[in-house]
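Observations on the model geometry
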Amino acid sequence: MNINFESFEENAASESSEPVPLSCGTEEDENESALEGLKREIKTYVLRIGRMTAAQEKAYAELSPRWCIPFEKKQLNFVDIFGNTNPVIIEIGFGMGDATADLAEANPDINYLGIEVHRPGVGKLLNEIQKRELKNLFIIEYDAVEVLREMIGDNTVNGFHIFFPDPWPKKRHHKRRMVQRPRTNLFAQKLSKGGYLYFVTDWLEYAEFALEELNETKSLKNKYDGFALPQKWRKQTKFERKGIAADRPITELFFEKI
Ligand SMILES: C[S@@+](CC[C@H](N)C(=O)[O-])C[C@H]1O[C@@H](n2cnc3c(N)ncnc32)[C@H](O)[C@@H]1O
């Protein structure tokens, strides 16, 4: 059994028609949140027991030493990691990573760093790295917020992909949302001039919320007038398929560092 992190994923199998993270709305969670508020920063995910398939276990054991970068309170040197000076895109919360592998395969001249706390997803993506012989994709299995703070240099990131982040739809859980101030300042701080933040969701109210938060973030500018047009190069993700199957609209935001 692996101790792992829970997020929105398991909710898809829950009875609710709302995409609510499993932990949402429970008394336990409320107590935990109250404690968290006192002790440490509110997280955008909740710790949970996770299951891995045999293939994911195997990939994790064999490939993580090569393709996973351990969390450390030390800044990364992208040239040392990737062995080149190509642009670096960070994907936050890649889930099962299928779209991540598709993008890395389609763009060998772009470097990708995927950050995820869900270990089965890390195992799955490691498998894809090996199967597709990718050389331009590394993984960090840790809280992306901490990784940005501690490991990523200011003005060094060419783009952030935040695809279908947990929507945390209940108002009392909005504080768990990934895209909100002051965290948006951290994204802006890490982007190089002209770098972008690309956010896609199937939860319209989160898109409206994030639009306002990003509009209010100094040094980020909306490339569009409101919601963005879908970028042709974006690959469909697992949660996008779920959103489409449930008839939820897909909404996109594309902001640039000025
Ligand atoms: C709703 S899923 C979407 C996954 C994928 N992007 C997709 O579209 O299929 C959100 C993912 O974000 C991850 N996540 C949430 N907060 C995170 C954090 N602070 N650091 C890293 N991953 C995080 C969760 O573990 C989860 O896998």
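Worth saying up front: this structure is predicted, and the values here are computed from it rather than measured.

Helix and strand counts for the protein come out as nine helices and nine strands. Per-residue burial over the protein gives 40% buried out of 258 residues. In the protein, the share of contacts with a sequence separation of at least 24, taken over all contacts with a separation of at least 6, comes to 79%.

Before going further, it helps to spend a moment on the environment of Asp 102. If you trace the backbone, Asp 102 turns up in helix 4 (residues 98–106). As a C-alpha pair, Asp 102 and Gln 236 span 134 residues in sequence and 9.1 Å in three-dimensional space.

Before going further, it helps to spend a moment on the sheet that holds strand 8 (residues 220–222). To summarise the sheet geometry, strands pair through backbone hydrogen bonds and adopt either a parallel or an antiparallel arrangement. Taken together, the seven strands give an open sheet; going across it, the order is 5-4-3-6-7-9-8, and neighbouring strands pair in mixed fashion. Edge positions in the open sheet fall to strand 5 (137–140) and strand 8, since each of these has one partner strand only. Between one strand axis and the next, the sheet turns through 20 degrees on average, direction left out of account. Pairing analysis gives three bridges linking strand 3 (residues 88–92) to strand 6 (residues 157–163), with the strands arranged parallel. Looking across to strand 6, one finds that Ile 89 is bridged to Gly 159. Against the sheet, helix 4 engages strand 3, strand 4 (111–115), strand 5 and strand 6, with an angle of about 170 degrees to strand 4.

A few words on the packing of helix 2 (residues 54–67) against helix 5 (residues 119–131). Contact geometry of helix 2 with helix 5 gives a least axis separation of 8 Å together with a crossing angle of 70 degrees. Classified by the interaxial angle, the pair formed by helix 2 and helix 5 is roughly perpendicular. Along the contact surface, helix 2 presents Ala 55, Gln 56, Glu 57, Ala 59, Tyr 60, Leu 63, Ser 64 and Trp 67, while helix 5 presents Arg 119, Pro 120, Val 122, Gly 123, Lys 124, Leu 126, Asn 127, Ile 129 and Gln 130.

Next up on the list: the confidence of the model for the protein. The share of residues in the protein with pLDDT of 70 or more is 84%, and the mean pLDDT across the chain is 88. Contacts of residues 1–31 to residues separated by more than four positions or lying in other chains number 53 contacts, the stretch itself having pLDDT below 50.

Turning our attention to the nonpolar core. In terms of nonpolar packing, the biggest core is built from 52 residues, with Ile 90, Phe 160, Leu 197, Phe 199, Ala 210 and Leu 253 touching the most fellow members. Here this core takes six residues from strand 7 (residues 191–201), the largest share from any one element. In contact with Leu 253, not counting residues within four places along its chain, are Phe 199, Ala 207, Ala 210, Leu 211, Leu 214, Phe 227 and Ala 228.

Structurally, the position occupied by Val 46 is in strand 2 (residues 46–50). The exposure class assigned to Val 46 is buried, which follows from the 20 C-beta atoms found within 10 Å. Residues Val 46 and Val 117, 71 residues apart in the sequence, show an inter-C-alpha distance of 9.7 Å.

All buried positions along helix 4 are accounted for by Ala 99, Thr 100, Ala 101, Leu 103 and Ala 104. In this structure, the buried residues of helix 4 make contact with strand 3, strand 4, helix 5, strand 5 and strand 6.

Of all the residues in helix 7 (residues 183–190), the buried ones are Thr 184, Phe 187, Ala 188 and Lys 190. Considering only its buried residues, helix 7 is in contact with helix 6 (144–151), strand 6, strand 7, helix 8 (204–215), strand 8 and strand 9 (251–257).

Time to look at the pairing of strand 4. Within strand 4, five of the five residues are buried, which leaves it mostly tucked inside the rest of the structure. Of the two faces of strand 4, the one holding Asn 111, Leu 113 and Ile 115 and the one holding Tyr 112 and Gly 114 are both buried throughout. Strand direction decides the pairing type here: strand 3 and strand 4, joined by five bridges, are parallel. From the neighbouring strand, Val 88 faces strand 4, where its bridge partner is Asn 111. Following the backbone out of strand 3, through helix 4 and into the adjacent parallel strand 4, one traces a crossover that is right-handed. Relative to strand 5, strand 4 runs parallel, the two sharing four bridges. Within the sheet, the bridge partner assigned to Ile 115 lies in strand 5 and is Ile 140.

About the thresholds
- Residues numbered from 1 in each chain as written.
- Predicted model: local features only at pLDDT ≥ 70, side-chain atom pairs only at ≥ 80, totals over all residues.
- Helix = DSSP H or I, 4+ residues; strand = E, 2+ residues; numbered from the N terminus.
- Buried ≥ 20, exposed ≤ 12 C-beta atoms within 10 Å, placed from the backbone.
- Contact = placed C-beta atoms within 7 Å.
- Pairing = 2+ DSSP bridges.
- Axes fitted to C-alpha atoms, helices over the stretch in contact; angles between N-to-C directions.
- Parallel < 35°, antiparallel > 145°, perpendicular 65-115°, else oblique.
- pLDDT = per-residue confidence, 0-100.
- Core = buried A, V, L, I, M, F, W, Y, C linked by C-beta atoms within 7 Å.
- Right-handed = clockwise from strand over helix to strand, strands pointing away.

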